[in-house]
Each structure stands twice: as C-alpha cells, then as structure tokens.
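A look at the structure
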Amino acid sequence: MTRKIFFYNTLTKKKEEFAPLKEGEAGMYVCGITPYDYTHLGHGRCYVVFDAIRKFLKSAGYKVKFVQNFTDIDDKIIARAAEKNTDCLTLSGKFIDEYYTDIRRLGVDDADVSPKVSEHIDGIIEAVSKLMEKGFAYEIDGSVYYRIGKFPDYGKLSGRNTADIKPGARVEVDKEKESPLDFAVWKKSAEGEPGWDSPWGKGRPGWHIECSVMSAKYLGQTLDIHAGGQDLVFPHHENEIAQSEAITGKPFSRFWLHNGFVTINKEKMSKSLNNFFTLRDIYKKFSPQAVRFFLLSQHYRSPIDFSEDALSDAERTLERVNRAFEEKPQQDETGEARLSAEKIYEDFMSALADDFNTSAAFASFFALVKLFNQTKSSAVLKKAEDMDAILGFLKLEKKEKKLLISEDEIQRMIEKRIAAKKSRDYASADRIRQELLEKGVVIEDTPSGVKWRLK
RNA sequence: GGCGCGGUACCCAAGUGGCUAAGGGAGAAGUCUGCAAAACUUCCAUCCGUCGGUUCGAAUCCGACCCGUGCCUCCA
C-alpha cells in the first residue's frame, strides 16, 4: 500500500504528502465537544469529515488510532450546570450521551479512545508544573498562566505575529498578567465551583491544556494528524502548540487539518445570529443519510451552506442511488464490468488522496451507480460497497415515508388495475394509478410484474 | 487596523497553465411502455466577478477594482 496521499496542512499552508511517524500507522487526534448542549450541524460536519478521513486512511492501508476528547470541565459547563441546578459531571455526562445518540446516526464510528478532562487531572497538574519549571508559566494568586513571550514560535499555526493581535479589542484584559496574550493553563476555583487540589490551591484546568496532555498520553508527543474545526486554529490550537512544544521540545503535530464552517445564507452558524440547527432538529425533516451525504458532497475545507433546498436535493439524489442498489446483483461476469469498476474505484481513491476531494470522488461514485444500473454486476456492487466503507451513507437511515393507505388496499387496487388493463380498459387503469399516486404510491409496470413504492 | 477564504450554467459544486470546463439537482428530447414510472441514451457554460497584464496558450499566474464572507472573543 504505497498510495501517495496529500493533505493541506494548516501549519505550512501547503498541500503536503502525508507521511506518518511510523510506517503504515496513523495517529489522529480530533478536538471533541464541550458537552453542555445538544450537538449541532457544525459539529456534525467536523466529525463526519474526520470520520471519513479516518476510514479513507484505513482503506488506503493504514492502521489508524483515533482519539477524540470530551472537554467536560469548562466555564460554560459550570455556568450551565448552575443554571440547571445540577452538577457539572451530571450535565456533561448527559450531553456526552446525547452526542453519541446524534452522531452515530450519521455513521460516525466511535473513537478508539475518548478521554475526558475530568479523568486526567493528575496529568494536567504534572504538565502545568513542568511548564513552570521550564519558565513557560507563572502563578498569580492560585492561577497559572502561559508566558507567550517565552515561546518565539507563537503564532506559527494561525499565521499571525503577536504584534498584530489586538488584545483587549473585545475581551477584557486581565491587568495582572505579564502580557495580555498570556492564557490560563490552570484556573483558581471560585467559591462553589468544582476544583481539584493542586500545588497552587484548588482549581481546574485552563481550556487548552487538556488536549496537550491527553493527545500525548494516547498518541505520543508528536501526532501524525491533529484536526478540528477552523474556529479552533486560533487560539485553541495555537495555544496547544505553545504548551506541548514547550514541554516536549518536539513538534506537536506533523499535520494540522481543519474543516470549514457550516453557514446559513453564507453566514457562519452562530448562536448570536440565531441560525443554529441541532442534529436532532434536522432529523425531524431530513434523513441522517441525506445529512451525511450533504456534508461530504463539498470539499471539507470550504464553507458549506446549509439550506432546506440543499438537503432536499440530497434526498432526491439518494432516492435514485438507493433504488439502484436495491436491485439484485448478478453473478455472471464478463469481466468487463469488473474492470470498469476497478478503474472507477481507482479514480475515486485518487480524488480522495488529493486533499480528500470528496466532490471529485462523488463523480466516481455516480459513475459506479450508473455502471451498476447498466450491468447489475456483483463486482460493481462490491466496489460501491468499498466506496461506502469511506463515504458511509448507504446503510444509514433513509428518508422516512409514511404509508397513507394499507398494503391490503394497495394490493386490491393493483389487482383491479391489472384486471382493467387485461380488458383494455385503460381509462380505469389510469384512474386507479392516479388514485394511488395521490396517496403517495407509485406504480411501475415492469417486465417482472407490477411493483409499487412510496413516492 | 492585521491576517485569511471565496466569486464557475437555473441551483449546488469540482477543476487552478494546454485535448470537447467533472459530478449532482432541476429542465428538454429519444429508447422502452397501451400510457406512465424507473432505467438507459442524448442535450443543457465559445465560457469561468470586472478591467488590464504575463504567455505560443489562462477559469487557472500577476496587478487593480467590485462583491460576499471568516478569524483576530467562547465556538466544530
């Protein structure tokens, strides 16, 4: 398996050939959610995209270890728990469960390891101590801050230099810090807030430190791939780099992959614009199959505009795809179909190997759908399944169709229509067909008899 | 103010120096059918925001401009 794979690396701002540290093995760390609310479509995109990339690497012959964390200690969780009169771990536990419920329906496989911050406090305290020992962090009144000035590479991921950052433009500057850009790696707990004992008193981890600690624990000090949404580039990933590289003196991650936003009317989904959609709300109108298909239909780094029309298009397309693969494949091969299918599959993999170009790969997928319709070849079907091992939407929940009429009733009408056709009473036959259509039942006269399906 | 991304047919969207500008949806015609449906076949951008430039050759490179949008704040 020596297929060359290229990914656009945010760190170098170039497409680069993917080469993991260990031949044939890839370690992937994807920043997970902060579980204080329901999973939304933006999360859905991120986790579907990196799930598909994980599956692609496997199909390309890599052994993949996939780690995705839960940041279950956080200011937003504390605030929400207080609001709901519950404790943080109960709240975060609930939303972790809800996350799994919603995301699995999109065909996203569970991570190999799903570490939680609350279970890695010792490691975090150790890391903070190390940062202090090395002079990369300092304590003020029970909180510990990272000293940006000590890390000359700061800004290398997000492409900004510290002088360009306008601190205090919109966030309040803590005057006690040495530099406004310094960020907390350990936060003192206020009265009534959850906390853990530490050399600096009772406190909790700062936002970025958990990923530095947990990724190293499960994947080693240098990751092959670190991924997440584009909004994490700054400051989250920038700060992770500062922490990890200060501690280990080694490159934190070889590849940084970031997915683009989901937008609504071209604007980023955000709570302030009130244009947020949770996955479970979307499932009320659209199938998980269509959602996954939609999310993969465009290149992962571009913004993707969510709309009902776009999802309806996806449903319509899948209608055709699903219908094709409901047909029974035929074993007898001339070999010709198999060869064509292999060629198409090769194009498919090449497209994905070029910075995971799913749009181009979809063209191959549709070529295969057509080939299957033409040949019904089992070899073609096999290749479609191979593609779906990466794309992963064929077996997901399909669009729900409601039966407005009993099956018995449908059968009765079909028989009446057959009788009408036999006696060449086409007017009656067409009238029956029209009646069924109005009830959402489509009649097809095929060589193998009359078939019906829901519209 | 600093740093980015994007403008390709009715809609969505690949392509980023060179045969006829992928694919999907919608639309049109044909084959099949009593008629349909499905499927298949064919058609659907002399043209890629605008204006200049480089080049034998550009949607693809360079410059200017217009428009949209993101980050610099929590965010996938």
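This report concerns the structure included in the present document. Because the structure is predicted, anything quoted here is derived from the model rather than measured. For every chain, the first residue of the written sequence is number 1, and numbering continues from 1 onward in sequence order. In the order they appear in the text, chains get letters beginning with A and ligands get numbers beginning with 1. For this predicted model, a pLDDT threshold of at least 70 governs which residues receive local features, and a threshold of 80 or more governs which side-chain atom pairs are given and counted, while totals over whole chains, interfaces and linings are taken from all residues. As a rule here, side-chain values cover all heavy atoms of the structure and leave hydrogens and water aside.

**As for the overall build of chain A**
Numbered from the N terminus, helices here are DSSP runs of H or I no shorter than four residues, and strands are runs of E no shorter than two. Across its full length, chain A holds 14 helices and 15 strands. Across its three principal axes, chain A shows a C-alpha extent of roughly 95 × 55 × 35 Å. When a residue's accessible area, from a 1.4 Å probe over protein chains only, is under 20% of the maximum for its type it is buried; when over 50% it is exposed; and in between it is partly exposed. Looking at chain A as a whole, 51% of its 455 residues are labelled buried. Accessible surface computed for chain A: about 22,100 Å², of which carbon and sulfur atoms make up 49%. Counting 71 positive and 72 negative side-chain charges, chain A places the centres of these two groups 4 Å from one another. We get accessible surface area from the Shrake-Rupley algorithm with a probe of 1.4 Å; when it comes to residues, only the shown protein chains can shield them. Residues counted as positive are Lys and Arg, residues counted as negative are Asp and Glu, and His and the chain ends are not counted. Charged groups are reduced to one reference atom each: NZ for lysine, CZ for arginine, CG for aspartic acid, CD for glutamic acid.

**A look at the sheet that holds strand E12 (residues 267-268)**
In spatial order, the strands read E12-E11-E13; together these three strands make up an open sheet with mixed pairing. Two strands bound the open sheet, and with one partner strand each, they are E12 and strand E13 (304-306). For two strands to be treated as a pair, DSSP must find no fewer than two bridges joining them. Inspection of the sheet shows strand E11 (residues 262-264) paired to E12 by two bridges, in the antiparallel sense. The residue of E12 that forms the bridge with Thr263 is Lys268.

**Looking at the pattern of salt bridges**
The term salt bridge refers to a side-chain nitrogen of Lys or Arg lying within 4 Å of a carboxyl oxygen of Asp or Glu. By the definition in use, this model includes 39 salt bridges. Across the salt bridge formed by Asp110 and Arg104, the nearest N and O atoms sit 2.8 Å from each other. For Asp110, a relative accessible area of 34% gives the class partly exposed. Note that Asp355 is salt-bridged to Arg301, the shortest N-O span being 2.8 Å. Of this pair, Asp355 sits in the loop between helix H10 (336-353) and helix H11 (358-375) while Arg301 sits in the loop between helix H8 (288-297) and E13, and the two are 54 residues apart along the sequence. Using a relative accessible area of 1% as the deciding quantity, one classes Asp355 as buried. A relative accessible area of 28% means that Arg301 is categorised as partly exposed. Because the salt bridges share partners, they merge into one network encompassing Asp51, Lys55, Asp109 and Arg292.

**Considering the sheet that holds strand E10 (residues 253-259)**
Across the sheet, which stays open at both edges, the four strands sit in the order E4-E3-E9-E10 with parallel pairing between neighbours. Looking at strand neighbours, the two that pair on one side only are strand E4 (63-68) and E10, the edges of this open sheet. On average, each strand axis in the sheet is inclined to that of its neighbour by 20°, with strand direction left out of account. Where strand E9 (residues 223-229) meets E10, six bridges bridge the pair, whose relative direction is parallel. In the strand pairing of E10, Leu223 is matched with Ser253. Every axis in this analysis is a line fitted to C-alpha atoms, fitted for helices over the stretch in contact. Angles between the N-to-C directions lie between 0 and 180 degrees.

**Overview of the pairing of strand E14 (residues 441-446)**
Pairing between E14 and strand E15 (residues 449-454): six bridges, direction antiparallel. Looking at the pairing, Glu444 lines up with Lys451 of E15. In this structure, the hairpin formed by E14 and E15 is closed by a connection of two residues.

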